[in-house]
Amino acid sequence: MAKNNLTDCTKMAEKLLQIVLILQSISLSVIHCDQIVNYTSIFGYSPKKDATFTEIAKMDGYQTEVHNVTTDDGYILTIFRLPPREGCTENNTKPIIFMHGLFLSGDDCVIPGPGVAHCYIYADNCYDVWVPNSRGTFYSRKHKTLNPDKDPEFWKFDFSEMALSDTPAIIDYVLDKTGAKNISFIGHSQGTTLFLLLCAKRPEYNAKINIGIGLSTTAWVEHSRFLIVNLGNALFPILTAAINSGVDTEVLPRGGVTNKLTELVCGFSNLTYPLCSVIIFAIVGYNSEQITSETLKVISGHAPSGSSLRNVNRWGQMQRNGFSEYDYGILRNLEVYGRISPPEIDLRNVTMRWVFVGSTNDFISDIRDLDTLISKLPNANTSKCVLSDRAFAHLDFVYGKDVPRYIIPIVLSLLSNGSFECT
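Everything in this summary refers to the structure shown in the same document. (Residues numbered from 1 in each chain as written. Predicted model: local features only at pLDDT ≥ 70, side-chain atom pairs only at ≥ 80, totals over all residues. Heavy atoms only, no water.)

### Structural notes on the overall build of the chain
Each helix and strand in the chain was counted, giving 16 helices and 10 strands. Counting over 423 residues, the chain shows a buried share of 59%. When the accessible surface of the chain is summed, it comes to about 16,500 Å², and 53% of that surface belongs to carbon and sulfur atoms. (Helix = DSSP H or I, 4+ residues; strand = E, 2+ residues; numbered from the N terminus. Buried < 20%, exposed > 50% of the residue type's maximum accessible area, 1.4 Å probe, protein only. Areas by Shrake-Rupley, 256 points an atom, 1.4 Å probe, with all protein chains shown as cover.)

In structure tokens:
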């Protein structure tokens, strides 16, 4: 009976999250409506909205490969590959990994289209681009023995398992397939968190990564204004009790309520562009200049792409505890850690080079939290760039029309000669 009550509370919490997202989005759309109406191409539907990564790339004239890698705990992850474009020789191609953020997928790096999307530009510049998808996302809802639609055990993970099981399997697979000695890494949001945690816990992987480039990095989130993190923090006692009792489930899957709402509002007409843009972007950092209506039509079919309740709870914990181990609650923390609160994750083993790119309008990755992260990396070679565009927001780092102006020059310069100028 107690477990059933906790399950009911968990379902209520998820419904509350969905309702709050919708209400906040509607209220903000009224406030910003007069600022963001786009009167061009009033009617239109993007075929990319319902297309897969490989289908989108084919529409855009790019070749792709689909690879699968199995983790040490049985999860089967999909990795997409964009080989270097024609004219590149084997001698000048180097592997890079582009890792997506929370509730997103590998689709991020192709959605904006040729000349704008990260992965297309890197392939155009002769890089061998590998695009993983974390466990529990749309492309990685697979396991050797567990069924994500029937077995709650499938959802018993947070970003620690992604970092310590998914990420090493991905890196080793790419190195094996390419024959390279190391890879370069570009991560957005939670994607960067995974590689930081991996290098802290398994320091041998520092040598396998030539450079890490963190876009809108999340680790400390004390000052985050991201609604999901804030709500996870507020619901911490309920969510933790439910999870400790065995309640594990999927949250915000592709095709779920939130996804259907964005498809309904965003997928067909620019008349709904004001409401659409706010639903997707206001809660993570708002910039009416960066996300085009055409890009929004595609995003509406691809985000969110799912994660676990445990992972949502973990990010809520991080706001109250800092970049720490999982918080089981006082009694279980005493059993697991020998203390009432979880210990902070020690980042002194991170020794590779990191460059972090942030912005002042990022609702999730606040510059103050980024500074805290850098202060906790005493043995790493770290650099920071705060973009000159003070309106650049969290998802603009992957979907913004000015990614080629602000982000790509930094990344390509770092990949080619190790130096950069902050834009």
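### With respect to the layout of surface pockets
Using a probe with the size of a water molecule, rolled over the atoms, empty space left in the structure can be pinpointed. The calculated volume of the largest pocket comes to roughly 300 Å³. Taken together, 20 residues make up the lining of the largest pocket; nearest its centre are Lys156, Asp158, Glu161, Arg310 and Tyr328. If you list the elements that add at least two residues to the lining of the largest pocket, you get α4 (159-178), α7 (236-244), α11 (309-321) and α12 (330-337). (1 Å grid on protein atoms, 1.4 Å probe; cavity = no way out; pocket = protein on both sides within 12 Å on 5 of 7 lines; lining within 4 Å. Points joined across faces, edges and corners; volume = space filled by probe spheres on them.)

### Let's talk about the pattern of salt bridges
Counting across every chain of the model gives 21 salt bridges. Among the ionic pairs, Asp60 bridges to Lys48, the shortest N-O distance being 2.7 Å. On the criterion of sequence distance, the pair formed by Asp60 in the loop between α2 (53-59) and β1 (65-70) and Lys48 in the loop between α1 (2-36) and α2 is long-range, its members being 12 residues apart. With respect to class, Asp60 is no different from Lys48; both count as buried. Ionic pairing is found between Asp172 and Lys208, a salt bridge with its closest N-O pair at 2.9 Å. Remark: Lys208 occurs in the loop between α5 (190-201) and β6 (209-215) and Asp172 occurs in helix α4; sequence separation between them is 36 residues. On the basis of relative accessibility, which here comes to 31%, the residue Asp172 falls in the partly exposed class. Several salt bridges converge on common partners, so that one network encompasses Glu65, Arg81 and Asp128. (Salt bridge = Lys/Arg side-chain N within 4 Å of Asp/Glu carboxyl O.)

### Structural notes on a nonpolar patch on the surface
Nonpolar side chains collect at one region of the surface, where Ile330, Leu331, Leu334 and Ile340 lie side by side and expose about 430 Å² of accessible area between them. Among the structural elements, Ile330 can be located in helix α12. Taking the relative accessible area as the measure of exposure, Ile330 reaches 53% and is therefore exposed. (Patch = residues over 30% accessible without salt bridge, like charges linked within 9 Å, V, L, I, M, F, W, Y side chains within 5 Å.)

### Comments concerning the state of the cysteines
Simply put, the disulfide is a covalent bond whose two ends are the sulfur atoms of two cysteines. Per the counting criterion, the structure on display carries 3 disulfides. Sulfur-sulfur distance for the disulfide between Cys109 and Cys119 comes to 2.2 Å. Because the torsion about its S-S bond is -100°, the bridge between Cys109 and Cys119 counts as left-handed. Taken together, the residues Cys109 in the loop between β3 (94-99) and α3 (118-124) and Cys119 in helix α3 connect sequence positions 10 residues apart. For Cys109, a relative accessible area of 0% puts it in the buried group. Each sulfur in the disulfide pair Cys385 and Cys422 lies 1.9 Å from the other. When the S-S torsion is 80°, as for the bridge of Cys385 with Cys422, the disulfide is right-handed. A residue pair is termed long-range when its members are at least 10 positions apart, and Cys385 in strand β10 (residues 381-386) and Cys422 in the segment after α16 (408-417) qualify at 37 residues. The class for Cys422 is partly exposed, based on a relative accessible area of 41%. (Disulfide = S-S within 2.5 Å.)

### Considering the pairing of β6
Counting buried positions along β6 gives 6 out of 7 residues, so the element sits mostly inside the fold. Across 6 bridges, the pairing between strand β5 (residues 183-188) and β6 is parallel. Note on β6: the bridge partner recorded for Ile186 is Ile213. Following the chain from β5 across α5 to the adjacent parallel β6, one finds a crossover that is right-handed. Looking at chain direction, β6 and strand β9 (residues 353-358) are connected through 4 bridges and run parallel. The residue bridging Leu215 from the neighbouring strand is Val357, located in β9. (Pairing = 2+ DSSP bridges. Right-handed = clockwise from strand over helix to strand, strands pointing away.)

### Some words on the packing of helix α6 (residues 227-234) against α11
Packed helices, taken two at a time, are described by the angle their axes make and the gap between the axes. Direction vectors running N to C along α6 and α11 enclose 80°, while the axes themselves pass 7 Å from each other. On the basis of the axis angle, α6 is roughly perpendicular to α11. Side by side, α6 and α11 meet where Ile228, Val229, Asn230, Gly232 and Asn233 of the first sit next to Val312, Asn313, Trp315, Gly316, Gln319 and Arg320 of the second. (Axes fitted to C-alpha atoms, helices over the stretch in contact; angles between N-to-C directions. Parallel < 35°, antiparallel > 145°, perpendicular 65-115°, else oblique. Contact = heavy atoms within 4.5 Å.)

### Description of the sheet that holds β3
On the basis of which strands lie adjacent, the open sheet formed by 8 strands has the order β1-β2-β4-β3-β5-β6-β9-β10 and mixed pairing. Across the chains shown, the open sheet's two edge strands, defined by having one partner strand only, are β1 and β10. For this sheet, the mean inter-axis angle between neighbouring strands, taken without regard to orientation, is 20°. Here strand β2 (residues 76-82) pairs with strand β4 (residues 127-132) via 4 bridges, running antiparallel. Bridging from a neighbouring strand, Phe80 pairs with Val131 of β4. Strand contacts of α5: β3, β5, β6 and β9, with the helix running at about 130° to β5, the strand carrying the most contacts. Sheet strands in contact with α16 are β3, β4, β5, β6, β9 and β10, and its direction is about 170° off that of β6.

Everything listed here is a matter of coordinates, which is why it stays silent on function.
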